[in-house]
Structure formats: C-alpha cells, structure tokens
2 protein chains.
Amino acid sequence: MPKINEHFTRLSKSYLFVEIAKRVRMWEEAHSDTEIIKLGIGDVTRPLPPSAIQALHGATDEMADPARFRGYGPEQGYDFLRNAIVAHDYEPRGVTISAEDIFVSDGSKCDTGNFQELFAVDQTVAVPDPVYPVYVDTNIMAGRHDRIVYMKGTPDNGFVSPPPNEHVDLLYLCFPNNPTGATATRSQLEQYVQYALDHDALILFYAAYVEFIRDPDIPRSIFEIPGAERCAVEFRSFSKTAGFTGLRCAYTVIPPTVTATDSTGTTYSVRDLWARRHSTKFNGASYPVQRAAAAVYSPQGAVEIRELADYYLGNAEIIRQGIDSLGFDSVGGTNSPYIWVNAGRPSWDFFDEILNRTGVVITPGAGFGAGGEGFIRISAFNDREKVKVAMDRIKKYL
Amino acid sequence: MPKINEHFTRLSKSYLFVEIAKRVRMWEEAHSDTEIIKLGIGDVTRPLPPSAIQALHGATDEMADPARFRGYGPEQGYDFLRNAIVAHDYEPRGVTISAEDIFVSDGSKCDTGNFQELFAVDQTVAVPDPVYPVYVDTNIMAGRHDRIVYMKGTPDNGFVSPPPNEHVDLLYLCFPNNPTGATATRSQLEQYVQYALDHDALILFYAAYVEFIRDPDIPRSIFEIPGAERCAVEFRSFSKTAGFTGLRCAYTVIPPTVTATDSTGTTYSVRDLWARRHSTKFNGASYPVQRAAAAVYSPQGAVEIRELADYYLGNAEIIRQGIDSLGFDSVGGTNSPYIWVNAGRPSWDFFDEILNRTGVVITPGAGFGAGGEGFIRISAFNDREKVKVAMDRIKKYL
C-alpha cells in the first residue's frame, strides 16, 4: 500500500463542532418546547447585499449568452476585481499595492492553509494561542509539529501577545482576532513589524474581520505600518465583510518587495512563488462570484456592507453589555463580531451551564487551543431578535 | 529571510501558453485583415445549459432571502449534489459508491494537485507522457522530482501506455486523455487495476472528459473495473461536461476500501485522510454553483449536457476528417474533444507553419512533456462555424 504522510497522524482530532452538535442534539430532544439559539459558529446569517445579488444575476445572464459567456478566468482573478480591491481597500488608506500583488481565491481558509507550502519544512512558525486551528493543523501536516511557537494571549495582555522572545521565520497574526475579538493598535502592529524586520521573518496577516473596525485609530491593513511591505503578506475575505461564506471569495496580497531565500542565499520573490503555486494548484474563483465581490465596492455596495457590519456590531453590543452586567470580564465586541468571555471555570462546563439553563449555544474556548481554556466565544452572527432573546435568557437564568 | 521550499526551484518554467500568446500577438499585428481562430486551449465556448442557468438564478434568489440564505456549506459538498452524483454517474453503471465517498470541490486541478499531500515524500509516482503538467509539477513541489516514472504514450501503443515495468506507489491516469484524446478499453483499464493490486499501488484516475464517450464498450469510471474499489480514486469535473470552467465545480470519489499504511504497518482509510485535508484546507464549493451542478442531473439537464458534448464531438469529427484527408496520423477526436496529430516535425515548427499559413492556433505537443514532441493537440472547443473555417483554411493552405 502507498505510505501515508505520517505528519497527519500527529493532528489532534477536530471534535469541537461535532461535540457541540451532539450536546445540542441531546438538549433539543429533552426541550422540544424551547427554541435553541446559536451564538456559536462564526457564520453570517443575513442575506447577501442587494448589489451582490444583482451582480450574480447579471453574471448568470452573461453565462447564458454565447457572445458574453466566460470560461476559464485568469488564475489570479479578473482585473475588474483586483483593480477594485486596490482602489477601495488600499489606496484610501495610503497604502501602495498594485493589482499584480492581489491573488483572488475561493477562500482565506485555503490561502492561509496553503501558503506555508512555499517554505522549507524546517522553518519555525509562531501562532497565536488561542488560535484559529487551521494555522496549526496545516503546519503539522507539513511536518512542522515541533517547530510551532505559541504566542500566548492572556487577560493581562488583552489577548494581544507581544512578539515571541525567540527567533521564528513565519508569524501568523489575526486582527480583529478570531476567536478573541481583540484588535491590535498601531503601536502593537509596529512591534510585530519591527520583530519581523529584525528577525528576517515573514508575517502572515489574516484580516478577515476588518469591516467591523469602527475606531479610526486601528489600522485595517498590516501594510499601513511602514516596513510591512518588506515582511508581510495579507489575507482578506468577503465572507464576513459581505456575507460570502456560502459564495466563496477571498484574496491574498503580496508586495513585490517580500522575499525569501534558498540555502545558497539566492533570494526569491514570494509573490512569484505564490503565483507559481496558485496557477499550478488553483484554477480561478467562480466568475459570477467575482462579479458579486466587485459589486460590493460600488457606492451602493459600500453602503450595504457597512450596514451589514453595523447590524452585527449592534448584536455584539447587546451581547457585550449583557455579559458586562453579569460581572464577567471580556474582550472584543467592539470593532469585532466576537466576544471572548472569561468564564472563571472550565470552558466546557460553562458551555453546558449556558446550554442547560438557557438553550443558548456558545463556543467553548478550549476548542481554540490550550490558551482558550477557561474562556468562551460568543458570536454576534445571528438575527437581532434572537440575540436579544438569548441575552435576556442568559441574564435571567445564569 | 524565511527559507523557501527548494523543490520549487526544480520546476520547469511554464512558458507554453505565454509563448503561444506572444506568437499569436505578433501574427495578429501583421495580419489585421484575417480573423484568428483558436483551437488551442481546452476551454469550452458554449453558454451554460439552461437548467444550470435557471438553478443559478434560483440559488441567487435564495441568497437574497433571510429565510433561505445559506452561509458555510458542508465542506464535503451538499447532500443534494452528492446524492445526485451517486444516482446518475455511478448507480446506472452498476457501481457501488455512496454519498460519503464523494468530495465536492471547486475544481479537479486543485484536487489532482492536492491529493499527493496525503502520501509520504518518498513514494514513487507514475505519470503518463505526454502529460497534463499539474501531475508532474505538484509532485516536484512536494519533493518527488527524482521519483517520477513516465509511462510513454506512442503511436505504437495508441497513446495508452501499458503499466510501468517497475514498482510505483501512485499512478496517475487520465482517460479520455488530455492531451492525446486517447481512450482506454476495458481490458487496458483491467491491466492497470491488476498492476495496482499486484503492487499495492493507488490509481489516481482523472476522468474529466467522460461525457464525450459515446462508445458503450468504453468504461466511464475506473470503478467499473472489479478491484478498483480497493486501489483507485477518481476525479471528475463539471468543467467540460457542463461548461463549468468559469463556474468551478468538481468532485473526487474515494471508496472506503482504499487504504494506505504508515511505517509501522498500521493501515488508514484514504477517504478519512482526504476528509481531514479537505476540511482543514477547503471551505466548500460555492452554493449557487453546487445548485447549478445538481441541475445538470435533472432529466432536462441531462439532455442539455448531452447536446453540449454532441456539439463539440461534431466539431471534433470535422477536425479529425480534415486531418485524415491531409494524410496525417492522429488519435482522439472520437469519444474525446481532442485530436492528437503526428506532425512529422518539431511541434513548435508545425505550430508556426499552421499559424503563419492559416491564422489557426493549435497547441504544440512539446508543451505536454518530452513525449509530446513531434505532435500537436487540436481542441474541438469552439463554435461550429469557426471550426469549419479553420479546417477549410488548413486543408487549403497546408
């Protein structure tokens, strides 16, 4: 038989959402009279913005027309979308990014998971803790299980860990953070960039939640920090910004000045390496979906996605106030759709307590690694009325 | 600086379509009075089937409706699509495949490129020659540059090489073949399966062009061969079947009886390993696109995609007859949209000759590896009238 990639055997089983589903099912069977309310998984619930809907219908009509049909698109994405990204997500922030630096894809999970392929297996990787599990699992699959350094988020550092004390080669960051909802200030991001420049490290900056930032002092892109254009790659997504979790569209930004080296000291453009990987193992994002993504940059689309984020931020505010009123410490919930609550007990115990007393589902922090134990994540992605009912129940019964 | 994956430095530059585009541009500048006709790249040109269009509009309307909106879908694909695949692509062929064996994705290029990740780097890989470059490049990226065995297709074996004489662990096959258009008989597929069973090897069977098979004696799935359920994985796509190259949908089939081993002799389900990879590095195919894919299995959709394939097969017949009438030897063009022509001279020379004399663009076989030198690929993916004009010019001026 073929021999497996044995690094797969070092992966932890990913039981988190399976276990949650099991406990929820048991609770539902015993409480058929009470509606369960899910503030667990980080998935949007509101319909797509009208501008995106209109673009999907329009592109579908094109695909029915012999004169306007489109087959394979450019692997790196259509210019109409890449140019819109530059013009709306970077130029207004004073960031110099060109369309050639943009790689459109079907999702940031794929991009953040695949990006480590460009680097040698013996490279050391820093990840936050608590952490989005994809960063850890994809590096374990690649053989870096003993080369992962955890940057511990704690209540004391507001869940924004300082850079590692030791040398690492790759540094995953995520702000606004999943799962904690913490945001990094300009000065904190400057520290990371300084670390990367000092250590010749590369920052992999996951910025899927920037649309929720309302504080004008919080940078929306790592490239707002001088020097980042030499030591950072940024991953962005339309999933949370525009409700595209079911449509699938994201992009990765790699300035031409980001380089890596081989063992002889020859330097390589990371953008060129990713271009080779992207064109060899990917065949472009869906054309109607790219049209929908471009549509959210129209004047009307921009208004719609701001309203969409405002809606979830309104939910977050209700959750945050409710949690505050019960005397729990928390981070997130402003500039972020997640509220990260210090449970003061094991996170699965608190999960059970909330579920059993209120019929509300949250996510136990332990599912995001050792640093999440003792915390829970509450997600603002749900309908306003359900969020209100959930928080009323929590305030009443907890 | 981070150290790169040095296997990337062993990749050949992929100049094929860039070089073609350059020569075409030069020709166009010199011949502004003649319409260029492209029978080069293997991309569909006909609009999407009406049933797929209707499904895209319908799913778009769902995404606009708060009550019917869908966010993240199941990573392995929606049941409505996986069940349709089983019921229409496998059950009628007497093949026992269950929905749990089906993994829906955004493309077979990704799937065939990523699948090798499941296996140890020291595994030996057989690929056809000429070959779809993705099989080779993705194994080079993984570090198997010196573990690739080429199965040589020649006019003598009708471009269906026998299995290797030596042991290999993984065996890429593609029938109907890209680039040669050759199909494998039942008995030839039986030889491959016997080889795989004898050598404990795994067949990676790429069957993106099955919709073009009209000969009832040619198997459409590797799983029609007894024993394949223990030694084969199959990759299928809606790209050529239903014109989805711009929409992006494909699927991979892994029976639960396909296993691999670690160095201690413990066996693992390959389906489980792929499930872990798929759910860690992929987030599901676009929902409207999955609805469109399912729609081509409806009674009306089935008629439409058969007509679509018939259209391209009609083109292929015109090309094949034209090539025959000029006295060239060829394979393909029946049960396949590609015609593979023995040029009797270096393939780039023949490319230039055809372009300069007729304004028709084909693909030089040398772009598909050493075994393609001396051949050209003509693609039937174009409008009927253009194919007729192209072949008239070729018959007149060549």
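Residues numbered from 1 in each chain as written. Chains lettered and ligands numbered in written order. Predicted model: local features only at pLDDT ≥ 70, side-chain atom pairs only at ≥ 80, totals over all residues.

A. Geometry of the overall build of chain A. A tally of helices and strands in chain A yields 12 helices and 15 strands. Its C-alpha atoms give chain A principal-axis dimensions of about 60 × 55 × 55 Å. In chain A, once contacts between residues fewer than 6 apart in sequence are set aside, the share between residues at least 24 apart is 72%. (Helix = DSSP H or I, 4+ residues; strand = E, 2+ residues; numbered from the N terminus. Contact = placed C-beta atoms within 7 Å.)

B. Representation of the sheet that holds strand 8 (residues 250–253) of chain A in the model. Residues and elements named next belong to chain A. Across the sheet, 7 strands lie side by side as 2-8-7-6-5-3-4; this open sheet has mixed pairing. Edge positions in the open sheet fall to strand 2 (102–105) and strand 4 (148–152), since each of these has one partner strand only. In this sheet, neighbouring strand axes are inclined to one another by 20° on average, regardless of whether the strands run parallel or antiparallel. Relative to strand 6 (residues 202–206), strand 5 (residues 170–174) is paired through 5 bridges, and the arrangement is parallel. (Pairing = 2+ DSSP bridges. Axes fitted to C-alpha atoms, helices over the stretch in contact; angles between N-to-C directions.)

C. Geometry of the environment of Tyr-90 of chain B. All names here are of chain B. Its location among the elements puts Tyr-90 in helix 3 (residues 79–90). In sequence terms Tyr-90 and Arg-220 are 130 residues apart; their C-alpha atoms lie 9.3 Å from each other. Sequence-distant contacts of Tyr-90, defined by excluding residues within four places in its chain, comprise Val-95, Ile-97 and Ser-221.

D. Seen up close, the relation of the copies chain B and chain A. Superposing chain B onto chain A takes a rotation of 180° plus a shift of 0.0 Å along the axis, which leaves an RMSD of 0.0 Å. Between the two chains, the operation in question is that of a two-fold axis. Judged by C-alpha distance, His-57 of chain B is the residue of chain B that lies nearest the rotation axis, at 3.0 Å. (Least-squares fit on C-alpha atoms with pLDDT ≥ 70 in both.)

E. Local environment of the sheet that holds strand 12 (residues 338–342) of chain B. Residues and elements named next belong to chain B. If you trace the 4 strands from one edge of the open sheet to the other, you get 11-12-15-14, paired in antiparallel fashion. In this open sheet, the two strands that pair with only one neighbour each are strand 11 (330–332) and strand 14 (363–364). Pairing of strand 14 with strand 15 (residues 375–379) involves 2 bridges; the strand directions are antiparallel. Following the sheet pairing, Thr-363 is matched in strand 15 by Arg-377.

F. Quick peek at the pairing of strand 2 (residues 102–105) of chain B. Residue and element names in this part refer to chain B. Neither face of strand 2 is left uncovered, since the one carrying Ile-102 and Val-104 and the one carrying Phe-103 and Ser-105 both have all their residues buried. One ladder, built from 4 bridges, connects strand 2 with strand 8 (residues 250–253); its direction is antiparallel. The residue bridging Val-104 from the neighbouring strand is Tyr-251, located in strand 8. (Buried ≥ 20, exposed ≤ 12 C-beta atoms within 10 Å, placed from the backbone.)

G. Representation of the domain arrangement of chain A. All names here are of chain A. Looking at chain A, the domain boundaries give domain 1 (6–47 + 300–397) and domain 2 (51–298). The C-alpha-based centres of domain 1 and domain 2 are spaced at 25 Å. Listed per partner, the contact involves 35 residues of domain 1 and 41 residues of domain 2. Contributing elements (two or more residues each) for the side of domain 1 that touches domain 2: helix 10 (299–325), strand 11 (330–332) and strand 12 (338–342). Of the residues forming the side of domain 1 that touches domain 2, the biggest block, 8 residues, is contributed by helix 10. Grouping the amino acids of the side of domain 1 that touches domain 2 by side-chain chemistry returns 15 nonpolar, 14 polar and 6 charged. (Domains from an automatic or database assignment. Nonpolar A, V, L, I, M, F, W, Y, C, P; charged D, E, K, R; others polar.)

H. Looking closely at unusual backbone geometry. Residues and elements named next belong to chain A. Here the bond from Asp-129 into Pro-130 is cis, since omega is 10°, no more than 30 degrees from zero. Phi at Asp-200 takes a positive value of approximately 50°, unusual for a residue other than glycine. Mapped onto the elements, Asp-200 comes out in the loop between helix 6 (186–199) and strand 6.

I. Molecular detail of the interface of chain B and chain A. Facing the 68 residues of chain B at the interface are 68 residues of chain A. Breaking the side of chain B that touches chain A down by element, the ones donating at least two residues are helix 2 (50–63), helix 4 (108–114), helix 5 (133–141), strand 9 (259–261), strand 10 (267–269), helix 8 (270–281) and helix 9 (287–295) of chain B. The element best represented in the side of chain B that touches chain A is helix 2 of chain B, accounting for 5 residues. Class assignment for the residues of the side of chain B that touches chain A results in 31 nonpolar, 21 polar and 16 charged.

J. View of the packing of helix 2 of chain B against helix 9 of chain B. Residues and elements named next belong to chain B. For the pair helix 2 and helix 9, the least separation of the axes is 8 Å and the interaxial angle reads 145°. Note on packing geometry: the crossing formed by helix 2 with helix 9 is right-handed. Contact with helix 2, carried on its side by Ser-51, Ala-52, Gln-54, Ala-55, Leu-56, Gly-58, Ala-59 and Thr-60, involves Tyr-287, Pro-288, Arg-291, Ala-292, Ala-294 and Ala-295 of helix 9 and no other residues of that element. A class-by-class count of the residues in the contact of helix 2 with helix 9 yields 9 nonpolar, 4 polar and 1 charged. (Left-handed = near helix turned anticlockwise from the far one by under 90°.)

K. Structural view of helix 5 (residues 133–141) of chain A. Burial within helix 5 of chain A is extensive, with 8 of its 9 residues counted as buried. If you check which residues of helix 5 of chain A are buried, you get Val-134, Tyr-135, Val-136, Asp-137, Thr-138, Asn-139, Ile-140 and Met-141 of chain A. Taken together, the buried residues of helix 5 of chain A touch helix 4 (108–114), strand 3 (125–129), strand 4 and strand 5 of chain A together with helix 8 of chain B. Gly-143 of chain A, located one to two residues past helix 5 of chain A, shows a positive phi value of around 105°.

L. Main features of the nonpolar core. Counting residues in each nonpolar core, the largest one holds 247 residues, and the members touching the most others are Leu-171 and Ile-203 of chain A together with Leu-171 and Ile-203 of chain B. Among the elements that line this core, the one with the most residues is helix 10 of chain A, at 8 residues. Discounting residues that sit within four places of it in the chain, Ile-203 of chain B has contacts with Leu-171, Leu-173, Tyr-192, Ala-196, Ile-222, Cys-231 and Ala-232 of chain B. (Core = buried A, V, L, I, M, F, W, Y, C linked by C-beta atoms within 7 Å.)

M. Summary view of the packing of helix 11 (residues 347–358) of chain B against helix 12 (residues 384–397) of chain B. All names here are of chain B. Interhelical geometry of helix 11 versus helix 12 gives an angle of 100° and a closest axis separation of 10 Å. Relative to helix 12, helix 11 is oriented roughly perpendicular. Facing Ile-354, Arg-357 and Thr-358 of helix 11, the residues of helix 12 in contact are Arg-393, Ile-394 and Tyr-397. When its residues are assigned to classes, the contact of helix 11 with helix 12 shows 3 nonpolar, 1 polar and 2 charged. (Parallel < 35°, antiparallel > 145°, perpendicular 65-115°, else oblique.)

N. Molecular detail of the confidence of the model for chain A. For chain A, mean pLDDT is 96; residues scoring 70 or higher make up 100% of the total. Quick note on the complex model: pTM equals 0.97, ipTM equals 0.97. (pLDDT = per-residue confidence, 0-100.)

O. Representation of the pairing of strand 5 of chain A in the model. Residues and elements named next belong to chain A. Counting buried residues along strand 5, 5 of its 5 residues qualify, which places the element largely inside the surrounding structure. The alternating pattern of strand 5 places Leu-170, Tyr-172 and Cys-174 and Leu-171 and Leu-173 on opposite faces, both of which are buried. With 2 bridges connecting them, strand 3 and strand 5 associate as parallel partners. What sits directly across from Val-125, in strand 5, is Leu-170. Taken together, strand 5, helix 6 and strand 6 constitute a β-α-β crossover, and its handedness is right-handed. (Right-handed = clockwise from strand over helix to strand, strands pointing away.)

P. Fine view of the environment of Pro-66 of chain B. One can find Pro-66 of chain B in the loop between helix 2 and helix 3. What makes Pro-66 of chain B exposed here is the crowd of 9 C-beta atoms within 10 Å. Ignoring anything within four residues of it in the chain, the contact list for Pro-66 of chain B reads Arg-46 and Pro-47 of chain A.

Q. Region of interest: the environment of Ile-362 of chain A. Residues and elements named next belong to chain A. Structurally, Ile-362 can be placed in the loop between strand 13 (360–361) and strand 14 (363–364). Ile-362 sits in the buried class, given 26 other C-beta atoms within 10 Å. As for Ile-362 and Ile-41, which are separated by 321 residues in sequence, their C-alpha atoms are 7.7 Å apart. If near-sequence neighbours (up to four positions away) are discounted, Ile-362 is found in contact with Leu-39, Gly-40, Phe-351, Ile-354, Ile-376, Arg-377 and Ile-378.

R. Summary view of helix 10 (residues 299–325) of chain B. Residues and elements named next belong to chain B. Between its first and last C-alpha atoms helix 10 spans 39 Å; for 27 residues at 1.5 Å apiece the expected length is 39 Å, and the two agree. What helix 10 keeps buried is the set Gly-301, Glu-304, Leu-308, Ala-309, Tyr-312, Leu-313, Asn-315, Ala-316, Ile-319, Arg-320, Gly-322 and Ile-323. Remark: Gly-327 follows helix 10 within two positions and exhibits a positive phi of approximately 85°. (Expected span 1.5 Å × (residues − 1).)

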